Amino acid sequence: MARTITMEVLRYRPEQDAEPVLQTYELPFTDDMSVLQALLHIKDELDETLSFRWSCRMAICGSCGMMINGKPALSCKTFLRDLYPGPVRVEALNHFPIERDLVVVMEDFIDKLERIQPYIIPKAPRTLAQGEYLQTPAELEKYEQFSSCINCLLCYAACPQYGLNPDFVGPGALALLHRYNADSRDGGAAQRMELVAAEEGVFNCTAVGYCSEVCPKHVDPANAVNQNKTTAARDYFLSFLMPKGGKK
């Protein structure tokens, strides 16, 4: 016999709600049912007006991030059996404007993602005839864990500094920036370091570390930020030793 659980879901329908409100649903669940499946049950069977993002159901696409009982989490990877007897409170991700219900506005993050140039900038032009870029296992290891980011925004919802200062580039984009700067095939580090050392760069981070704790893919944004603090500080002091005009 299926048990039942209470879900408290934050609703915001801009055409009728002056501010977000909680709406309660009672639904049956089984041990293999995730929070995402519960939301799909609500939408299919109880309230078709509920809005939320989702896609792969396998913690790969990163689209179903939300606050679950006050913590940033992927709803496809969070199971009701672990939250029983409830109630389970589900809200839109912290620190982002709500577009509708559990859907947040992502433009700010997309803008930050574009600014870090998340692609390999070749050190020199290379033709197809010259063959592929070769890389040793040791070179791969330097950036591999940072390449697992799925842009789910959980680290931004966990970051108190991003909540206070939305200009801060933030943990996810900085981890991805580090992924490319640490890649032996890339030649764009000098361009990206200008953003790292800028007013909105790594020195906004207050080293709380919760960003790394909530990452569903075990990326360590706090580590990436710390490494880039060191690099930015090194570059700053070395600039005094360089001949004028030779900083870059």
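Rules of the game
- Residues numbered from 1 in each chain as written.
- Predicted model: local features only at pLDDT ≥ 70, side-chain atom pairs only at ≥ 80, totals over all residues.
- Heavy atoms only, no water.
- Helix = DSSP H or I, 4+ residues; strand = E, 2+ residues; numbered from the N terminus.
- Buried < 20%, exposed > 50% of the residue type's maximum accessible area, 1.4 Å probe, protein only.
- Contact = heavy atoms within 4.5 Å.
- Phe/Tyr/Trp six-rings, centres within 6.5 Å; stacked < 30°, edge-to-face > 60°.
- Salt bridge = Lys/Arg side-chain N within 4 Å of Asp/Glu carboxyl O.

S.K.: Please set out the environment of Lys-217 residue by residue, giving values where relevant.
M.R.: You can see Lys-217 is positioned in the loop between α8 (210–214) and α9 (221–239). Taking relative accessible area as the criterion, Lys-217 reaches 30% and is therefore assigned partly exposed. As for Lys-217 and Gln-145, which are separated by 72 residues in sequence, their C-alpha atoms are 8.8 Å apart. Beyond its immediate chain neighbours, meaning those up to four positions away, Lys-217 contacts Ala-59, Ser-148 and Ile-150.

S.K.: An account of the packing of aromatic side chains is requested, with residue identities and associated values reported.
M.R.: All chains considered together, the criterion is met by seven aromatic pairs. Residues Phe-109 and Tyr-156 carry aromatic rings whose centres are separated by 5.3 Å and whose planes lie at 75° to one another, so their mutual orientation is edge-to-face. Of this pair, Phe-109 sits in helix α2 (residues 107–115) while Tyr-156 sits in helix α4 (residues 154–158); the two residues are 47 residues apart in sequence, bridging distant segments of the chain. Across the pair, exposure class does not vary: Phe-109 and Tyr-156 are buried alike. Seen from their ring centres, Tyr-236 and Phe-240 are 5.1 Å apart, and the 90° between their planes marks the pair as edge-to-face.

S.K.: Tell me about the pattern of salt bridges, residues and numbers included.
M.R.: Using the criterion set out here, one finds twelve salt bridges in the structure. A salt bridge links Glu-15 to Arg-100; the nearest nitrogen and oxygen atoms lie 3.0 Å apart. Highlighted residues: Glu-15 in the loop between β1 (3–11) and β2 (21–29) and Arg-100 in strand β6 (residues 98–100), separated in sequence by 85 residues. Under the relative-accessibility criterion, Glu-15 is labelled exposed at 54%. The residue Asp-186 makes a salt bridge to Arg-192 at a minimum N-O spacing of 2.8 Å. For the pair shown, Asp-186 and Arg-192 are each scored as buried.

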